[in-house]
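These are the residues of each chain, in order.
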Amino acid sequence: MAVLRPFDKLPELNSATILLVGAEGGPQQQLAEAMLREKKDFNINIHLASSLPLPPERDHLRPRIDLIAFVIDIKSKYSLKNVQASLAYVDVRFFLGKVCFLVTGVGRVNSCSVEMNAIWKLGEDYCSPVIFCELELEGIRVATAQRLLRMLQICAGRVPGVSALYFSLLMRNSAGD
Amino acid sequence: MLGVFIAAEKQKGLAVDVDGELGVRVAMSGLPELRGSEQDPAAVLVQLFLRSSLSPKSSEEKLIWSGWFCCVAGDDLLEDLPENFTCLPLFLVNGAESYTAIVGSWFQKTFDCCFRRLAISPLNLTWMAAMWTGCKVDKNTAATELLFSVPHLPQPLDISYAIHPEDAKALWDTVQKTPGEITQEEVDVFMECLYSHFHRHFKIHLSATKLVKVSTGIASAHCDGIIKFLQSQYLIGVLMLLTELAISQIQ
């Protein structure tokens, strides 16, 4: 089963799972640690992958994935191409609010190798929010971890009255204004 | 006044004292030819001459440093400039770093401005590589060379990728659809071809590294703002590009 599907497995009690996809050597590990340090009232599982598809051997051990965050570093064109190639292995129903793009490295405009239009287009084509951050800075990393945790809560259905689709529409409309 | 400032700075021992010269003479002049169009302001040239200590009476002087302010084709980019204001956003320097620092600090103190190195991002460097490869040059030009710096390594590693200029131009000609017009997609395809060729041979993803220097037969540019002009016929074109970069960094 190469393609990731959102509702193929049963959810686990009182827990949520996020998958961080980004090229190796990136800040995913530190972001994951920041997320684990945050105070929360449910269990979270953080899975890290350098690209999709995920190895099929361990598929039966993996929990249901509630949110996929693709990490793009604007200093590396390779990270953008890696994400674009991985997007082919995600089922289309994930794009109803369960995917977001994290763009890091925006603090260093002088090292920019990726054109901004390409990133905006990616967000528009896949109808998913694009979050700009600078994960190398501690403060912003903590803030981004908190944002992701909140999104994960919504995507796992743990916030009554707010669905993942509704929230993603909210984020996209406010970004456009 | 600049001359007095430089002499004072040298007394403090801040500048490198090589010959024990008596003094440094400053000459400022205008360069009316160095512009893109009639609307551009004339360039201003600043030169530092060193008087030899052996023969103080003679008029023998050595040019030790020169710098010039210019603005080439900046008219469309500088829209809301008040009347009587002259904007010369680009400052080109040739000479020792110590003199550059002294002259720069004098200008900053006197005119309340800011001098900064023109940092060129890898994205802009890829544009330069594509544009300059497409220019027509005679035979015997230098190879097109790209220098990459690999991040996240304990030892710094630089990768130099040299391409025969005719092959590079042939590749660019197949990519470019409309002569005289360049789009971001064409630049991306051109660089992607070069990267995938390298990957096929060396299994290294150059797109994950940082492009720091581009050298072609026309000119070479380093990400720290070090530029070399190699063909005088394309000088204005390169200056136009640098002016645009300088203005975008001011704004």
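This text gives an overview of the structure that appears in the document. In this text, all values refer to a predicted model and were calculated from it rather than measured experimentally. (Residues numbered from 1 in each chain as written. Chains lettered and ligands numbered in written order. Predicted model: local features only at pLDDT ≥ 70, side-chain atom pairs only at ≥ 80, totals over all residues. Heavy atoms only, no water.)

1. Considering a nonpolar patch on the surface
A cluster of nonpolar side chains, A:Leu96, A:Leu165 and A:Leu169, forms an exposed patch at the surface whose accessible area comes to about 250 Å². In this fold, A:Leu165 is placed in helix H5 (residues 164-176). (Patch = residues over 30% accessible without salt bridge, like charges linked within 9 Å, V, L, I, M, F, W, Y side chains within 5 Å. Areas by Shrake-Rupley, 256 points an atom, 1.4 Å probe, with all protein chains shown as cover. Salt bridge = Lys/Arg side-chain N within 4 Å of Asp/Glu carboxyl O. Helix = DSSP H or I, 4+ residues; strand = E, 2+ residues; numbered from the N terminus.)

2. Some words on the packing of helix H3 (residues 122-133) of chain B against helix H5 (residues 184-202) of chain B
Residues and elements named next belong to chain B. With their axes 10 Å apart at the nearest point, H3 and H5 run at an angle of 85° to one another. As far as their axial angle goes, H5 and H3 are roughly perpendicular. Contacts from Leu-123, Thr-126, Trp-127, Ala-129, Ala-130 and Thr-133 in H3 reach Gln-184, Val-187, Phe-190 and Met-191 in H5. Classifying every residue of the contact of H3 with H5 by side-chain character gives seven nonpolar, three polar and no charged. (Axes fitted to C-alpha atoms, helices over the stretch in contact; angles between N-to-C directions. Parallel < 35°, antiparallel > 145°, perpendicular 65-115°, else oblique. Contact = heavy atoms within 4.5 Å. Nonpolar A, V, L, I, M, F, W, Y, C, P; charged D, E, K, R; others polar.)

3. Examining the sheet that holds strand S9 (residues 227-229) of chain B
All names here are of chain B. Spatially, the five strands line up as an open sheet ordered S6-S5-S7-S8-S9, and their pairing is antiparallel. Of all strands in the sheet, those with a lone pairing partner are strand S6 (157-163) and S9, marking the two edges. The sheet shows a mean angle of 15° between the axes of neighbouring strands, taken without regard to direction. When strand S8 (residues 219-222) meets S9, the two strands line up antiparallel, connected through three bridges. When the bridges of S9 are listed, Ser-220 appears paired with Lys-228. (Pairing = 2+ DSSP bridges.)

4. Side note on the nonpolar core
Residues and elements named next belong to chain B. One finds Met-128 and Leu-146 to be the most contacted residues of the largest nonpolar core, which totals 42 residues. The residue makeup of this core includes at least three contributed by each of domain 1 (2-111) and domain 2 (122-250). In contact with Leu-146, other than residues within four places in its own chain, are Ala-129, Ile-159, Ser-160, Tyr-161, Ile-163, Met-191, Leu-194, Leu-211, Lys-213 and Val-214. (Core = buried A, V, L, I, M, F, W, Y, C linked by side-chain atoms within 4.5 Å. Buried < 20%, exposed > 50% of the residue type's maximum accessible area, 1.4 Å probe, protein only. Domains from an automatic or database assignment.)

5. Some remarks on the interface of chain A and chain B
Chain A puts 13 residues into the contact, and the matching count from chain B is 16 residues. Between the two partners, chain A and chain B, sit two salt bridges. The salt bridge partner of B:Asp188 is A:Lys77, with a shortest N-O separation of 3.4 Å. A per-class count over the side of chain A that touches chain B returns four nonpolar, five polar and four charged.

6. Considerations on the packing of aromatic side chains
Here the distance between the centres and the angle between the planes together describe a pair of aromatic rings. All names here are of chain A. In the structure shown here, the tally under the stated rule is ten aromatic pairs over all chains. A centroid spacing of 5.1 Å and a plane angle of 40° characterise the contact between Phe-95 and Tyr-126, whose relative ring orientation is tilted. Of this pair, Phe-95 sits in the loop between helix H2 (77-86) and strand S4 (99-104) while Tyr-126 sits in the loop between helix H3 (116-125) and strand S5 (130-132), placing them 31 residues apart in sequence. A residue is classified by how much of its surface remains accessible, and Phe-95, at 12% relative accessible area, is buried. Taken together, the aromatic side chains of Phe-70, Phe-95, Phe-101 and Tyr-126 make up a single cluster linked through ring pairs. (Phe/Tyr/Trp six-rings, centres within 6.5 Å; stacked < 30°, edge-to-face > 60°.)

7. A few points about the side chain of A:Ser86
Residue placement: A:Ser86 occurs in helix H2. Of note is the side chain of A:Ser86, whose polar atom sits 3.1 Å from the backbone nitrogen of A:Leu52. (Polar contact = N/O pair within 3.5 Å; in protein donor to acceptor, adjacent residues only side chain to side chain.)

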